[in-house]
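# Structure assessment
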Amino acid sequence: MPILTAARFKFMRIGKNHLIGPLYLYLSSREKMAATRLQQLQLQPCPKLVNPCFLSPVTTSTPTTTRLPHLLTIPPRSRSTFTSLCSSSNQIHESPSGGSIVSELLDYLNESWTHFHATAEAKRQLLDAGFHLLNENEEWDLKPGGRYFFTRNMSSLVAFAIGEKYDIGNGFHVIAAHTDSPCLKLKPKSASLKSGYLMVNVQTYGSGLWHTWFDRDLSVAGRAILRTSDSSFVHKLVKVKRPLLRIPTLAIHLDRTVNKDGFKPNLETHLVPLLSTRSEEILSESKETSVSSSKARHHSKLLEVLSEEMNCVVDDIMSIELNICDTQPSCLGGVNNEFIFSGRLDNLASSFCALRALIDSCQSSEDLSSEDAIRMVALFDNEEVGSNSIQGAGAPTMFQAMRRISSCLARQYVGEGAIERAIRRSFLVSADMAHGVHPNFTDKHEEYHRPQMQKGLVIKHNANQRYATSGITSFLFKEVAKIHDLPTQEFVVRNDMGCGSTIGPILATGVGIRTVDCGISQLSMHSVREICGKEDVDIAYKHFKAFYQTFSSIDRKLSVD
């Protein structure tokens, strides 16, 4: 075994037991073997390894073997024996009653590669918490004190808990977010051949920073419709965790002015992922395949990978709806692990904080014993493209749910305008990520409204109603924070810049509900890899939970009309 110098080994370590991943790459192969062996010897009998997240994807359901290239394979151990910066960590995991939810957020992000998976994981957590699954196609039987939810298209979700003292005409206290993020999606006919390569044709979804998708280890995830043995059909989610695709950049030797003129790829011709080199076998197969078959629409090798993941034969794959996904796991970063590095923070971070706040605010019957309102979470799809879909905030999903709930709980005549009165007493928190001030581009923010990380939720204002916040709704939401000693910040866009928008104005207009727009401060919004503050996640969770628990009492103290 080669001798590894003490000085060099020191820079590879965090604390006394943890091997730091990125520095590991800079060692020679012999030093890597020595480091790994030394680590294994010193970690016995109670190992605590940092999972090298840059080497293999993290799965949260079952422990997996950590793979180190050209090294010994570390056998799988119980998940509780690992301290990982990429998933649940003993260092940050605390009880749900009042601790951090950051480790659970990392698990949620790593599970939720697509809006379908995000909704499915939310569904699983609600069922585990004792919520009852409803079907929009069936009659509902609801009771005060009950907890319920339904999904639509497996990409949007509405969950609610009914207060024990709820009376018809009382309000709904809602936190709304969205499950989708900018990404690349496979075209209906994705198979193409270029210069001896198998390529996968994609279309852009939303307003992504598409240059960040180049030179990333990419794969596919989404859903498929499968044919069963009795000729019926089933809906199944799929996720290929290993890297399958790559969008390579052009070498600087062939584009000498790129650093001066900027990288300006053509989204139709340059943003096409590479799948494989073309073989003669694939070429002959493509000539024999009929134009109408699924094999003609998509590369057979890709379909074979999908069939292996879903444990079916290729011919039973009737339809696929797939996103291109970055395989790098979500993890903590920064010298003090104060940041979260991840894709899809916009807006899965808000979705998860809202979901956990609802679940934890009504864990026991006592939590709803004095509540006279209905606590609700609404997670919508297609926000990144305008919300105009059956599963988006532009559809009457939330209003229809409110009306059905009111009708179901009205056991007898309760007077005129019950649902209208309920909506006027309701309040919506529209939670979508916010633009933190960028240290290298501070001039992009208005001088006195520069949200920072780790400083609390950002309340968004816009005089032209790009955000739905008003003086009244901002005051009420800040009162919740004030009572619980939670920080808040405020944001307005510069007058010489355009302002983005979100689901808040859409729902405020469509339903007629009082609304405040807010979000967690972040950088690199719409990049394939984003960043937010760890403390802000916990502050958002506490603020949302406090909203559910105390808003009724605060709202009674203010009368406007």
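Described below are features of the structure shown in this document. Just so you know, these numbers come straight off a predicted model, no measurement behind them. (Residues numbered from 1 in each chain as written. Predicted model: local features only at pLDDT ≥ 70, side-chain atom pairs only at ≥ 80, totals over all residues. Heavy atoms only, no water.)

### Examining unusual backbone geometry
Residue Asn-347 follows Asp-346 across a cis peptide bond; omega there is 15 degrees. On the secondary structure map, Asn-347 appears in helix H10 (residues 345-361). Unusually for a residue other than glycine, Ser-195 sits at a positive phi of about 50 degrees. Mapping Ser-195 onto the fold places it in the loop between strand E7 (183-194) and strand E8 (197-205). (Helix = DSSP H or I, 4+ residues; strand = E, 2+ residues; numbered from the N terminus.)

### Quick notes on the nonpolar core
By size, the foremost hydrophobic cluster in this structure holds 55 residues, and its most contacted members are Ile-340, Val-429 and Phe-544. Residue contributions to this core peak at 10 residues, all from H10. Apart from the residues within four sequence positions on either side, Val-429 is in contact with Val-174, Ile-175, Ala-176, Phe-477, Val-516, Cys-518, Phe-544 and Phe-547. (Core = buried A, V, L, I, M, F, W, Y, C linked by side-chain atoms within 4.5 Å. Buried < 20%, exposed > 50% of the residue type's maximum accessible area, 1.4 Å probe, protein only. Contact = heavy atoms within 4.5 Å.)

### Here's the deal with a nonpolar patch on the surface
On the surface, a cluster of nonpolar side chains totalling about 320 Å² of accessible area is made up of Ile-472, Phe-475, Leu-558 and Val-560. Relative to the helices and strands, Val-560 resides in the segment after helix H15 (534-555). Residue classification places Val-560 among the exposed positions, given a relative accessible area of 55%. (Patch = residues over 30% accessible without salt bridge, like charges linked within 9 Å, V, L, I, M, F, W, Y side chains within 5 Å. Areas by Shrake-Rupley, 256 points an atom, 1.4 Å probe, with all protein chains shown as cover. Salt bridge = Lys/Arg side-chain N within 4 Å of Asp/Glu carboxyl O.)

### Re the pattern of salt bridges
Scanning the model with the defined rule gives 17 salt bridges in all. Taking the shortest distance from any N to any O, the salt bridge between Glu-321 and Arg-223 comes out at 3.0 Å. Linking Glu-321 in strand E12 (residues 317-326) with Arg-223 in strand E9 (residues 218-227), this pair joins segments that are 98 residues apart in sequence. Among the residues examined, Glu-321 registers a relative accessible area of 35% and is labelled partly exposed.

### Things to note about the packing of aromatic side chains
Two aromatic rings are characterised by how far apart their centres lie and by the angle between their planes. For the coordinates displayed, the defined rule picks out 12 aromatic pairs. Ring geometry for Tyr-108 and Phe-352: centres 5.1 Å apart, planes at 35 degrees, overall tilted. You can see Tyr-108 sitting in helix H4 (residues 102-111) and its partner Phe-352 sitting in helix H10, a full 244 residues away along the chain. Here Phe-352 falls in the buried class, since its relative accessible area comes to 1%. Relative to Phe-547, the ring of Phe-427 lies with its centre 6.0 Å away and its plane at 50 degrees, an arrangement referred to as tilted. With Phe-427 in strand E16 (residues 427-431) and Phe-547 in helix H15, this residue pair connects regions lying 120 residues apart in the sequence. For the pair Phe-427 and Phe-547, a shared accessibility class is recorded, and that class is buried. (Phe/Tyr/Trp six-rings, centres within 6.5 Å; stacked < 30°, edge-to-face > 60°.)

### A word on helix H13 (residues 471-483)
Helix length check: H13, at 13 residues, gives a terminal C-alpha distance of 18 Å against a target of 18 Å (1.5 Å per residue), a fit within 8%. All of the buried residues in H13 are Thr-473, Ser-474, Leu-476, Phe-477, Val-480 and Ala-481. Viewed end-on, H13 has its buried residues packed into an arc of 165 degrees, placing them on one side of the element. Of the exposed residues in H13, the ones pointing more than 90 degrees away from its buried face are Gly-471 and Lys-482. Those residues of H13 that are buried are in contact with E16, strand E18 (457-460), strand E19 (488-491), strand E20 (514-519) and H15. Trailing H13 by a residue or two, Asp-485 shows a phi angle of about 55 degrees, which is positive. (Expected span 1.5 Å × (residues − 1). Arc of directions from axis to C-beta.)

### Some words on the packing of H10 against H15
Running from N to C, H10 and H15 cross one another at 45 degrees; their axes reach a closest spacing of 8 Å. For the element pair H10 / H15, the angle class is oblique. Pair H10 / H15 crosses with right-handed handedness. Across the interface between the two elements, Ser-350, Cys-353, Ala-354, Arg-356, Ala-357, Leu-358, Asp-360 and Ser-361 of H10 pack against Val-537, Ala-540, Tyr-541, Phe-544, Lys-545, Tyr-548 and Gln-549 of H15. Taken together, the residues that form the contact of H10 with H15 break down as nine nonpolar, three polar and three charged. (Axes fitted to C-alpha atoms, helices over the stretch in contact; angles between N-to-C directions. Parallel < 35°, antiparallel > 145°, perpendicular 65-115°, else oblique. Left-handed = near helix turned anticlockwise from the far one by under 90°. Nonpolar A, V, L, I, M, F, W, Y, C, P; charged D, E, K, R; others polar.)

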